[in-house]
Amino acid sequence: MSGHLIPIISKWIERSIYDPGDSDDVYLLKRIHWVSLHVAIFLVSTIIPLSLILHIPKWTVMGIVYVGFHFTQLIVFHKIRRGIEWFGLVTQLFHVIFAFVMVMITGGILHSGGAVFIGMIGPLYALVYPGRRRAIMMLIFYLFTVISAAILQPFIPPYPPITPVINLFMFVNQFSVVVVVNFFTLRYLSLIHISEPTRPY
């Protein structure tokens, strides 16, 4: 199934992001970024109606911010088709900062439904890009936000709409979303390496 879908996906991505001046490495990064944006939007969009049903307005707002950020990136990236390194860096920083803010406004690490896991996308996504220094710096930044949130935990009041049952449910959900996004990003990367040439000719 995957083998049949890859050529179709590749043609669609080529029409959306390819620039004649792209090297193989740059084009590969652009493809990964394009796919990961779509996967993230699809997965997080499902959380917005869920948060409305559960009457958790802060999750609804943060979900809209998350989807809005990625959708805006899709539009801008499609128009510019250059600067993938900067697009990647902005995306990595966004996830770390977004996770920290969400943890802070929804009761801290222990009561935020696993929002802290969202920040993991930053350093993990940085591994896709060349240069180990960026990934290490992103990991340090992420760990700094997690440790800071842990230190501040005693001073953050719980967010009443998030009951223990909802907290547990969303903890599993948030963790699953992060794992799925990273899994399919890396899976797509591995399929590219074993399929046709990276760049269209």
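Higher on the page you've got the structure.
The rules behind the values
Residues numbered from 1 in each chain as written. Predicted model: local features only at pLDDT ≥ 70, side-chain atom pairs only at ≥ 80, totals over all residues. Heavy atoms only, no water. Helix = DSSP H or I, 4+ residues; strand = E, 2+ residues; numbered from the N terminus. Contact = heavy atoms within 4.5 Å. Areas by Shrake-Rupley, 256 points an atom, 1.4 Å probe, with all protein chains shown as cover. Patch = residues over 30% accessible without salt bridge, like charges linked within 9 Å, V, L, I, M, F, W, Y side chains within 5 Å. Salt bridge = Lys/Arg side-chain N within 4 Å of Asp/Glu carboxyl O. Buried < 20%, exposed > 50% of the residue type's maximum accessible area, 1.4 Å probe, protein only. 1 Å grid on protein atoms, 1.4 Å probe; cavity = no way out; pocket = protein on both sides within 12 Å on 5 of 7 lines; lining within 4 Å. Points joined across faces, edges and corners; volume = space filled by probe spheres on them. Nonpolar A, V, L, I, M, F, W, Y, C, P; charged D, E, K, R; others polar. Phe/Tyr/Trp six-rings, centres within 6.5 Å; stacked < 30°, edge-to-face > 60°. Lys NZ or Arg CZ within 6 Å of the ring centre and 35° of its normal. Core = buried A, V, L, I, M, F, W, Y, C linked by side-chain atoms within 4.5 Å. Polar contact = N/O pair within 3.5 Å; in protein donor to acceptor, adjacent residues only side chain to side chain.

With that out of the way, let us pick up the overall build of the chain. When you go through the chain residue by residue, the secondary structure sums to 8 helices and 0 strands. Ordered by position from N to C terminus, the α and β elements of the chain give α-α-α-α-α-α-α-α. Excluding contacts between residues fewer than 6 apart, the proportion of contacts in the chain whose partners are at least 24 apart in sequence is 76%. Looking at the chain as shown, the accessible area adds up to about 10800 Å², and 77% of this sits on carbon and sulfur atoms.

Let's shift gears to a nonpolar patch on the surface. Together, L139, L143, I147, I151, L152 and F155 make up a nonpolar patch on the protein surface, roughly 610 Å² of accessible area in all. Tracing the backbone through its elements, the reader meets L152 in helix α7 (residues 132-152). Since its relative accessible area comes to 34%, L152 is described here as partly exposed.

The next point concerns empty space enclosed by the protein. Under the counting rule described, the total for this entry stands at 2 cavities of 30 Å³ or more. Of the pockets and cavities examined, the largest cavity occupies roughly 150 Å³. V44, I47, F98, I118 and Q174 are the residues nearest the centre of the largest cavity, which is lined by 13 residues in total. For the lining of the largest cavity, the per-class residue count stands at 11 nonpolar, 2 polar and no charged. Estimates place the volume of the second largest cavity at around 50 Å³. If you go around the second largest cavity, the residues you meet are V96, A99, F100, V103, V116, G119, Y142, T145, V146 and A149. Of all elements in the fold, only α5 (84-105) and α7 reach the threshold of two or more residues within the lining of the second largest cavity. Split by residue class, the lining of the second largest cavity holds 8 nonpolar, 2 polar and no charged.

The tally for this structure, following the rule as stated, stands at 9 aromatic pairs. Judged by centre distance (5.8 Å) and plane angle (45 degrees), the rings of Y66 and F94 are tilted. Of this pair, Y66 sits in helix α4 (residues 57-80) while F94 sits in helix α5; the two residues are 28 residues apart in sequence, bridging distant segments of the chain. Judged on exposure class, the residue Y66 and its partner F94 are both buried. Taken together, Y66, F69, F94 and F98 form an aromatic cluster joined through their ring pairs. Above the ring of Y129, the side-chain terminus of R134 is found at 5.2 Å from the ring centroid.

As a further point, take the nonpolar core. W59, Y66, F98 and M102 are the most contacted members of the largest nonpolar core, which totals 50 residues. Contributions of two or more residues to this core are made by α2 (24-45), α3 (47-53), α4, α5, α6 (121-126), α7 and α8 (164-194). At 10 residues, α2 tops the list of elements feeding residues into this core. Here W59 is in contact with S51, M102, T106, S112, G113, I162, I166 and M170, once residues within four sequence places are set aside.

Our focus in this paragraph is the environment of F87. By the element assignment, F87 lies in helix α5. Between the C-alpha atom of F87 and that of K30, which follows or precedes it by 57 residues, the distance is 9.3 Å.

Take the pattern of salt bridges next. Inspection of every chain in the model, using the stated rule, returns 1 salt bridge. Of the charged contacts, one joins R134 and E85 as a salt bridge, the two residues approaching to 3.1 Å between their closest N and O atoms. A residue pair is termed long-range when its members are at least 10 positions apart, and R134 in helix α7 and E85 in helix α5 qualify at 49 residues.

To continue, consider the side chain of Q153. For Q153, the position within the fold is in the loop between α7 and α8. Given the relative accessible area of 12%, Q153 is considered buried. Of the polar contacts made by the side chain of Q153, one reaches the backbone nitrogen of L110; its length is 3.3 Å. If near-sequence neighbours (up to four positions away) are discounted, Q153 is found in contact with G107, G108, I109, L110 and H111.

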